[in-house]
Amino acid sequence: MGEEVALTPDQISRLRELVETTADRLGTTPDAAIAFVETAATDVGGNKTPHTLAQFAARWRALRMRRNEALGIPVFRDPAWDMLLDLLVASEEGRRVSVTSLCHASGVPTTTALRHVERLDELGLIDRTADPSDKRRFWVTARPDTLRRVRELVARLRAVI
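Criteria and cut-off values
Residues numbered from 1 in each chain as written. Predicted model: local features only at pLDDT ≥ 70, side-chain atom pairs only at ≥ 80, totals over all residues. Heavy atoms only, no water. Helix = DSSP H or I, 4+ residues; strand = E, 2+ residues; numbered from the N terminus. Contact = heavy atoms within 4.5 Å. Areas by Shrake-Rupley, 256 points an atom, 1.4 Å probe, with all protein chains shown as cover. Axes fitted to C-alpha atoms, helices over the stretch in contact; angles between N-to-C directions. Parallel < 35°, antiparallel > 145°, perpendicular 65-115°, else oblique. Left-handed = near helix turned anticlockwise from the far one by under 90°. Nonpolar A, V, L, I, M, F, W, Y, C, P; charged D, E, K, R; others polar. Pairing = 2+ DSSP bridges. Salt bridge = Lys/Arg side-chain N within 4 Å of Asp/Glu carboxyl O. Patch = residues over 30% accessible without salt bridge, like charges linked within 9 Å, V, L, I, M, F, W, Y side chains within 5 Å. Buried < 20%, exposed > 50% of the residue type's maximum accessible area, 1.4 Å probe, protein only. Core = buried A, V, L, I, M, F, W, Y, C linked by side-chain atoms within 4.5 Å.

Here we look at the overall build of the chain
When helices and strands are counted, the chain shows 7 helices and 3 strands. Counted over contacts in the chain with a minimum sequence separation of 6, partners at least 24 positions apart contribute 53%. When the accessible area of the chain is evaluated, it comes to approximately 10100 Å², of which 57% is carbon and sulfur surface.

Quick notes on the packing of helix α4 (residues 79-93) against helix α5 (residues 99-106)
Viewed as axis vectors pointing N to C, α4 and α5 meet at an angle of 125°, and their least axial separation amounts to 8 Å. The angle between the axes of α4 and α5 places the two elements in the oblique class. At the point where α4 passes α5, the crossing takes the right-handed sense. Residues P79, D82, M83, D86 and L87 of α4 form the contact with α5, whose own contacting residues are L102, C103, A105 and S106. Split into classes, the residues belonging to the contact of α4 with α5 amount to 6 nonpolar, 1 polar and 2 charged.

A word on the pairing of strand β3 (residues 134-142)
One ladder, built from 2 bridges, connects strand β1 (residues 97-98) with β3; its direction is antiparallel. Residue S98 lies in a different strand from β3, and its bridge partner there is W139. By the bridge criterion, 6 bridges tie strand β2 (residues 126-131) to β3 in an arrangement that is antiparallel. Bridge assignment links A130 to a residue of β3, and that residue is F138. In textbook terms, the turn of a hairpin is the stretch between consecutive antiparallel strands, and for β2 and β3 this stretch comprises 2 residues.

Side note on the sheet that holds β2
Strand order in the open sheet formed by 3 strands is β1-β3-β2, and the pairing between neighbours is antiparallel. Sheet topology places β1 and β2 at the edges, where each strand pairs with a single neighbour.

Notes on the pattern of salt bridges
Tallied over the entire structure, the rule returns 12 salt bridges. The partner of D134 in a salt bridge is R136, and the shortest N-O contact between them spans 3.0 Å. It is possible to trace a salt-bridge network through shared partners that takes in D145, R148, R149 and E152.

Considering a nonpolar patch on the surface
On the surface, a nonpolar cluster with roughly 340 Å² of combined accessible area is contributed by L7, I12, L15 and L18. Along the chain, L7 falls in the segment before α1 (9-26). Overall, L7 belongs to the partly exposed group, its relative accessible area being 43%.

Let's talk about the nonpolar core
The biggest cluster of nonpolar side chains holds 28 residues, and the ones touching the most others in it are L87, L102, L120, I126, V150 and V154. Elements with a minimum of two residues in this core: α3 (53-71), α4, α5, α6 (110-122), β3 and α7 (144-160). No other element matches the 9 residues that α4 contributes to this core. When sequence neighbours within four positions are dropped, the list of residues in contact with L120 reads A80, M83, L84, L125 and I126.

Written as structure tokens, this is what we have:
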């Protein structure tokens, strides 16, 4: 692997600014904005085939965002599916997802997103767990069977694309 590169505080600040600006522009979370930029960089480099299922799911979400961006309006929204994709990617990456982050990942207003979170919970597709260190925050995970089914669907799509 290449030599480790040290960034200056100014460079780190600029990168943070770029991520936040991209997230605001896309109406998404900083993590999703980073995935979007990674996808764009991969596309420019000519390697359009993501290596893992999580990378494919993240790329798929980014392409869905681009579709709305290209039309200039959010015509095609499927907040619950975008949430499940985000939970799949988070599971594969070993990161936790808060309700707030999941709402951002849905690409719809928070009140609408919260209704989808509630519905996913009612349907038994996700679990919400209170954060013991911050009673205002809840963590969301997709249930194992949900993850398995979403993984299968994403794998099928990946096979035909």
